[in-house]
Amino acid sequence: MNAVPAPRSGIERDEFSRRRRQLMRIIGREAIAILPSAPVRYRNGSVEYAYRQDSRFLYVTGFTEPEAVAVLVPGRPQGEYLLFVRERDPLRESWDGGRAGPEGAVAHYGADDAFPITDIDEILPGLMEGRARIHYSMGVHTEFDPKVLGWAHGSRGHSRHDARVAQEFLSLDHVLDDLRLYKSRAEQSRLRRAAAIAVAAHRRAMRFVRPGCMEYQVMAEFAHEFRVHNAEFAYQPIIAGGAHACVMHYRNNDARLNDGELLLVDAGCEHQFYASDVTRTYPVNGRFTPEQRAVYEVVLAAQLAAIDKVRAGNHWNDPHEAAVRVITQGLIRLGLLKGRLQTLIKEGAYQSFFGHRTGHWLGLDVHDVGDYRVGGAWRVLEPGMALTVEPGIYIRPERGTPRAFWNIGVRIEDDVLVTQGEPEVLSAGLIKDAEEIERWMQAK
Ligand code: GLY
Ligand code: MN
Ligand code: MN
């Protein structure tokens, strides 16, 4: 059998081992951590979904195969990092492709020791014995939960008379997710690349769009650009013409794009496991109506004000507060809200037009992990954190709202990295100035 090369995730082996060391230092020698891989899931009948590794498991191991379990046993003299993986199997590999096997898990993934996954029932209870804390995230891979409970029970049975068997289950998520929030240099460069591919795809789509084309045809432009760069959709894209832009999670993507309408495209890719999440809104025919343009300018001003707040030392909600202020001012100016600015902000009047938050963490997951509040206060932004900035205005047809504004939905979304200084807009290569968009679309 041929050796199976380690997959190229763009992250060095040393970085994974650094992450494991950090985790083990935090959980301590009384603890054991158990992380299962994502299960294979079926779409229909015997057709599998494309396999995507669990992000937490991946962050700790770099291992991309299913049916694997990682175990961290801090301070264990015979080895602290163990992997249970599928055994090599020439027949299965001839159908489904190569496997690392236990040998590969040690040789390529830095495991101190590795075993066939089929031996886990024999081995894991022994590893859990005497460990006061079991770090395992219940309720994520629910089919795996009873096994862990069973092993814990077994390990207690072995050492009934040991005073330290009062085992406590703790989630590993909190500790792990906090590490994930700070993107290393290698991760930042993965995010930069994912954003660059999304930028190229949005450009391609902008060139393609014209009245009469279909939303799914625009989606195909993204699919092409993503796959050409070995990336894929990081989430189901929103390709929303006209009124569809006001449906927050519109994903049918099957309607015709009409002259005079706006198109809102929220599409990002995953490349080497890191995500981008980018939205642009532009006129199908290349020219904004005065009302579309007026709304667009408000959202853009809000987005720029919010991005300017993505600075180390500011707190998580600063960009949102900046966006809310500019949007509320804009809605008053457009006659869509009436009242005093401060009162409208306090009452949340903007929420009927801007009903979502201004952003979220970005990383291995599109909505990446990490707390937004710490000890009751908004989290302070620090270099290495990555987030989206994505204000919007969505105007549903309602009495009291001038007809010319009906069904206008605008969102502008970029991916931003917190640095020591100026915010780094990872998707900055994509135009968003209204005039620039018009020039660009008309020149095509
Ligand atoms: N594309 C999902 C989001 O913008 O959060
Ligand atoms: Mn998005
Ligand atoms: Mn987003």
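Our structure is the block above this text.
Residues numbered from 1 in each chain as written. Chains lettered and ligands numbered in written order. Predicted model: local features only at pLDDT ≥ 70, side-chain atom pairs only at ≥ 80, totals over all residues. Heavy atoms only, no water.

## Brief notes about the coordination of the manganese ion (ligand 3)
So, step 1. Around the manganese ion (ligand 3), the protein supplies Asp277 (OD), His360 (NE2), Glu390 (OE) and Glu413 (OE) as donor atoms, at distances of 2.1 to 2.2 Å.
So, step 2. Each of the six donor atoms around the manganese ion (ligand 3) contributes to a set of angles spanning 52 to 156 degrees, which defines the coordination as irregular.
So, step 3. Between consecutive donors of the manganese ion (ligand 3), the numbers of intervening residues give the motif D-x82-H-x29-E-x22-E.
So, step 4. In this structure the manganese ion (ligand 2) is found 3.3 Å away from the manganese ion (ligand 3), and Asp277 serves as a bridging donor for the pair. Within this pair, whereas Asp277 is found in the loop between β13 (274–275) and β14 (279–283), its partner His360 is found in the loop between α12 (341–347) and β15 (373–374), the two being separated by 83 residues in sequence. (Donors = N, O, S within 2.8 Å, 3.2 Å for Na, K, Ca; no water. Tetrahedral: all angles 85-135°; square planar, octahedral: opposite > 155°, others 65-115°. Helix = DSSP H or I, 4+ residues; strand = E, 2+ residues; numbered from the N terminus.)

## A word on helix α9 (residues 215–228)
So, step 1. In this model α9 runs 20 Å from its N-terminal to its C-terminal C-alpha over 14 residues, within 8% of the 20 Å that 1.5 Å per residue would give.
So, step 2. Within the sequence span of α9, burial applies to Glu215, Val218, Glu221, Phe222, Glu225 and Phe226. Buried residues of α9, seen end-on, are gathered within an arc of 125 degrees and therefore sit on one face of the element.
So, step 3. Along its buried surface, α9 packs onto α8 (185–208), β9 (232–233), β10 (238–241), β11 (262–266) and β12 (269–271). (Expected span 1.5 Å × (residues − 1). Buried < 20%, exposed > 50% of the residue type's maximum accessible area, 1.4 Å probe, protein only. Arc of directions from axis to C-beta. Contact = heavy atoms within 4.5 Å.)

## Some details on the pairing of strand β20 (residues 414–417)
So, step 1. What you see with β20 is no split at all: Asp414 and Val416 on one side and Asp415 and Leu417 on the other are buried throughout.
So, step 2. Summarising the sheet, strand β17 (residues 386–389) and β20 pair through four bridges and their orientation is antiparallel. What sits directly across from Val389, in β20, is Asp414.
So, step 3. Pairing geometry for β20 and strand β21 (residues 424–425), over two bridges, is antiparallel. The residue bridging Val416 from the neighbouring strand is Val425, located in β21.
So, step 4. Counting the residues that bridge the hairpin from β20 to β21 gives six residues. (Pairing = 2+ DSSP bridges.)

## Quick notes on the sheet that holds β20
So, step 1. Taking strand neighbours across the sheet as the criterion, the three strands line up as β17-β20-β21 in an open arrangement whose pairing is antiparallel. Edge positions in the sheet fall to β17 and β21, since each of these pairs with one other strand and no more.

## Side note on the packing of helix α1 (residues 13–27) against helix α7 (residues 173–181)
So, step 1. Look at α1 against α7: their axes get within 11 Å of each other, and the N-to-C directions meet at 140 degrees. It follows from the interaxial angle that α1 and α7 lie oblique. Judged by the sense of rotation from one axis to the other, the crossing of α1 with α7 is right-handed. Seen from α1, the contacting residues are Arg19, Gln22, Leu23 and Ile26; seen from α7, they are Val175, Leu176 and Leu179.
So, step 2. Considered class by class, the residues forming the contact of α1 with α7 number five nonpolar, one polar and one charged. (Axes fitted to C-alpha atoms, helices over the stretch in contact; angles between N-to-C directions. Parallel < 35°, antiparallel > 145°, perpendicular 65-115°, else oblique. Left-handed = near helix turned anticlockwise from the far one by under 90°. Nonpolar A, V, L, I, M, F, W, Y, C, P; charged D, E, K, R; others polar.)

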